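If you want the building blocks of each chain, they are given just below.
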Amino acid sequence: QQQVKQSPQSLIVQKGGISIINCAYENTAFDYFPWYQQFPGKGPALLIAIRPDVSEKKEGRFTISFNKSAKQFSLHIMDSQPGDSATYFCAARRYGGSQGNLIFGKGTKLSVKP
Amino acid sequence: DAGITQSPRHKVTETGTPVTLRCHQTENHRYMYWYRQDPGHGLRLIHYSYGVKDTDKGEVSDGYSVSRSKTEDFLLTLESATSSQTSVYFCAISADRADYGYTFGSGTRLTVV
C-alpha cells in the first residue's frame, strides 16, 4: 500500500519529441504527488507537483496528468531538449500519517538525443 | 544546494568500521531526512527528524543510527559499515509537515570495501 510504481526505467527521446513517464499508486490516502528531477552528481530537485483535486497541472513544457480513479499520474515533457536529460522520480505523500514522508518511485533515466 | 551541505562528498571506508555522515542546514527547518539512493531502488528513507532530539525510523533503518543535537545538524552513523551500505546518501530538509517541497543536499558517495 505504500509503494509507488514508476515506468519506464529508461527512456530515449529525440529532441523536440514528447517524453512520458508514468506512475501508479495503491494508497488512496496519498494527497500530494510531486515529480523530482535529478542531474548526475546532484541531489533531486522539485520539478512540479499536483494534488488529487485537479486532473492536470502545467508549468512551461512540463505537465502532470492525474487520474484519481485509476490511481495513476504521469509526467509529460513537451518539446524535449537535450538539457532535459536527467533521472526523474515520481513521489507520493500522505499528509497527517504516522510518518507523512515522501515515498519515491524507482526513477526513470531520460536521454534526449539531439 | 543553497542552505544545505553534506559532508564528506566522497568517502571510502573498510568493512566493520564506523562512519558518520553530516548534514548541515542554514534554513532553520524543522524536518530533516536521510535517504539512500541505489540503482533500481530509487530513494529510500533511512531515518528522519522532526525536531532536536526527535527522530524516527524509515523503511531501511537497520544498521543505521542518527542524532540531532542542534536544529542545523543531522548526523547519520553506520555503526559497523558493510558492503551493502555502499550507496549515495542524500539529506533533505523541509520547513514543516505541510511543506512538501523537500530540498536535497548534493549527496555523499560512500564506498565500503
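Residues numbered from 1 in each chain as written. Chains lettered and ligands numbered in written order. Predicted model: local features only at pLDDT ≥ 70, side-chain atom pairs only at ≥ 80, totals over all residues. Heavy atoms only, no water.

### Thoughts on the nonpolar core
Right, on to step 1. Counting residues in each nonpolar core, the largest one holds 25 residues, and the members touching the most others are V4, F33, W35, F73, L75 and Y88 of chain A.
Right, on to step 2. Those elements that provide at least two residues to this core are β2 (10-14), β3 (19-25), β4 (33-38), β5 (45-50), β7 (62-67), β8 (72-77), β9 (86-92) and β11 (108-113) of chain A.
Right, on to step 3. Sort the elements by how many residues they give to this core and β9 of chain A lands first, with four residues.
Right, on to step 4. M32, Y64, A81 and V112 of chain B belong to the second-largest nonpolar core, a separate cluster that totals 19 residues. (Core = buried A, V, L, I, M, F, W, Y, C linked by side-chain atoms within 4.5 Å. Buried < 20%, exposed > 50% of the residue type's maximum accessible area, 1.4 Å probe, protein only. Helix = DSSP H or I, 4+ residues; strand = E, 2+ residues; numbered from the N terminus.)

### Section: the state of the cysteines
Right, on to step 1. In the structure shown here, the tally under the stated rule is two disulfides over all chains.
Right, on to step 2. Sulfur-sulfur distance for the disulfide between C23 of chain A and C90 of chain A comes to 1.8 Å. Here C23 of chain A and C90 of chain A share a disulfide; its torsion about the S-S bond, -95 degrees, makes the bridge left-handed. Pair noted here: C23 of chain A is in strand β3 and C90 of chain A is in strand β9, with a separation of 67 residues, a long-range link.
Right, on to step 3. Assessed through its relative accessible area of 2%, C23 of chain A is described here as buried.
Right, on to step 4. Here C23 of chain B engages in a disulfide with C91 of chain B; their sulfurs sit 1.9 Å apart. Residues C23 of chain B and C91 of chain B are joined through a disulfide that is left-handed, its torsion about the S-S bond being -75 degrees. Of the two residues, C23 of chain B is situated in strand β3 (residues 19-25) and C91 of chain B in strand β9 (residues 87-94); the sequence distance between them amounts to 68 residues. (Disulfide = S-S within 2.5 Å.)

### Description of a nonpolar patch on the surface
Residue and element names in this part refer to chain A.
Right, on to step 1. Together, I18, I20 and M78 make up a nonpolar patch on the protein surface, roughly 240 Å² of accessible area in all.
Right, on to step 2. For M78, the location among the structural elements is in the loop between β8 and β9.
Right, on to step 3. Under the relative-accessibility criterion, M78 is labelled partly exposed at 34%. (Patch = residues over 30% accessible without salt bridge, like charges linked within 9 Å, V, L, I, M, F, W, Y side chains within 5 Å. Areas by Shrake-Rupley, 256 points an atom, 1.4 Å probe, with all protein chains shown as cover. Salt bridge = Lys/Arg side-chain N within 4 Å of Asp/Glu carboxyl O.)

### Some words on the interface of chain A and chain B
Right, on to step 1. Counting residues at the interface gives 23 residues for chain A and 23 residues for chain B.
Right, on to step 2. Carbon and sulfur atoms supply 51% of the area buried between chain A and chain B, which totals about 1,900 Å² over both sides.
Right, on to step 3. The interface formed by chain A and chain B includes zero salt bridges.
Right, on to step 4. Where chain A packs against chain B, one counts four residue pairs in polar contact (both at pLDDT 80 or more).
Right, on to step 5. When its residues are assigned to classes, the side of chain A that touches chain B shows eight nonpolar, ten polar and five charged. (Contact = heavy atoms within 4.5 Å. Buried area = accessible area lost by both parts, 1.4 Å probe. Polar contact = N/O pair within 3.5 Å; in protein donor to acceptor, adjacent residues only side chain to side chain. Nonpolar A, V, L, I, M, F, W, Y, C, P; charged D, E, K, R; others polar.)

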